[in-house]
Amino acid sequence: MARSHHRKKHKEHLRQYQHTNEGNLSKLKRAKAKGTFAAIGIIVGAAIGYFATDGILLWVGLVAVAGGLGGFLIGHYIDKEGA
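Residues numbered from 1 in each chain as written. Predicted model: local features only at pLDDT ≥ 70, side-chain atom pairs only at ≥ 80, totals over all residues. Heavy atoms only, no water.

**What about the overall build of the protein?**
Counting its secondary structure elements, the protein contains three helices and zero strands. Looking at the protein as a whole, 13% of its 83 residues qualify as buried. Excluding contacts between residues fewer than 6 apart, the proportion of contacts in the protein whose partners are at least 24 apart in sequence is 68%. Working note: accessible area of the protein is about 7,200 Å², and carbon and sulfur atoms make up 67% of it. (Helix = DSSP H or I, 4+ residues; strand = E, 2+ residues; numbered from the N terminus. Buried < 20%, exposed > 50% of the residue type's maximum accessible area, 1.4 Å probe, protein only. Contact = heavy atoms within 4.5 Å. Areas by Shrake-Rupley, 256 points an atom, 1.4 Å probe, with all protein chains shown as cover.)

**Thoughts on unusual backbone geometry**
Residue Asp-54 is not a glycine yet carries a positive backbone phi of 60°. In this fold, Asp-54 is placed in the loop between α2 (33–52) and α3 (57–82).

**Notes on a nonpolar patch on the surface**
Where nonpolar side chains cluster on the molecular surface, the patch consists of Phe-37, Ile-74, Tyr-77 and Ile-78 and spans about 380 Å² of accessible area. The leading source of residues in the nonpolar patch is α3, at three residues. Its place among the elements puts Ile-78 in helix α3. (Patch = residues over 30% accessible without salt bridge, like charges linked within 9 Å, V, L, I, M, F, W, Y side chains within 5 Å. Salt bridge = Lys/Arg side-chain N within 4 Å of Asp/Glu carboxyl O.)

**Side note on α3**
The terminal C-alpha atoms of α3 lie 37 Å apart, and with 26 residues this matches the ideal 38 Å at 1.5 Å per residue to within 8%. For α3, the complete set of buried residues consists of Val-60, Ala-64, Gly-68, Gly-71, Gly-75 and Asp-79. On the buried face of α3, the contacting elements are α2. (Expected span 1.5 Å × (residues − 1).)

**With respect to α2**
Between its first and last C-alpha atoms α2 spans 28 Å; for 20 residues at 1.5 Å apiece the expected length is 28 Å, and the two agree. Of all the positions in α2, only Ala-33, Ala-38, Gly-41, Gly-45 and Gly-49 are classed as buried. When α2 is viewed along its axis, its buried side chains cluster within an angular range of 115° and face the same direction. In α2, the exposed positions that point more than 90 degrees away from the buried face belong to Ile-43 and Phe-51. Buried residues along α2 sit in contact with α3. Looking at the residues trailing α2, positive phi occurs at Asp-54, about 60°. (Arc of directions from axis to C-beta.)

Dropping the structure here:
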């Protein structure tokens, strides 16, 4: 048989717990866009460099670094606007 008189205490305890942890949601770290955009920039830059220079590794690397730097700066701007 269910003991309903125990459930009320459980619900009160659960409500108190939820209210004490309610403020912790705002303290969670948000994902940063810098890393994501930098990685995408490196991949796109390497692809552009490969097709534009017929696979010369020096230029592929330089364009990949430039793409990563551009992606990092765009991601940094997005993070700053979101804060």
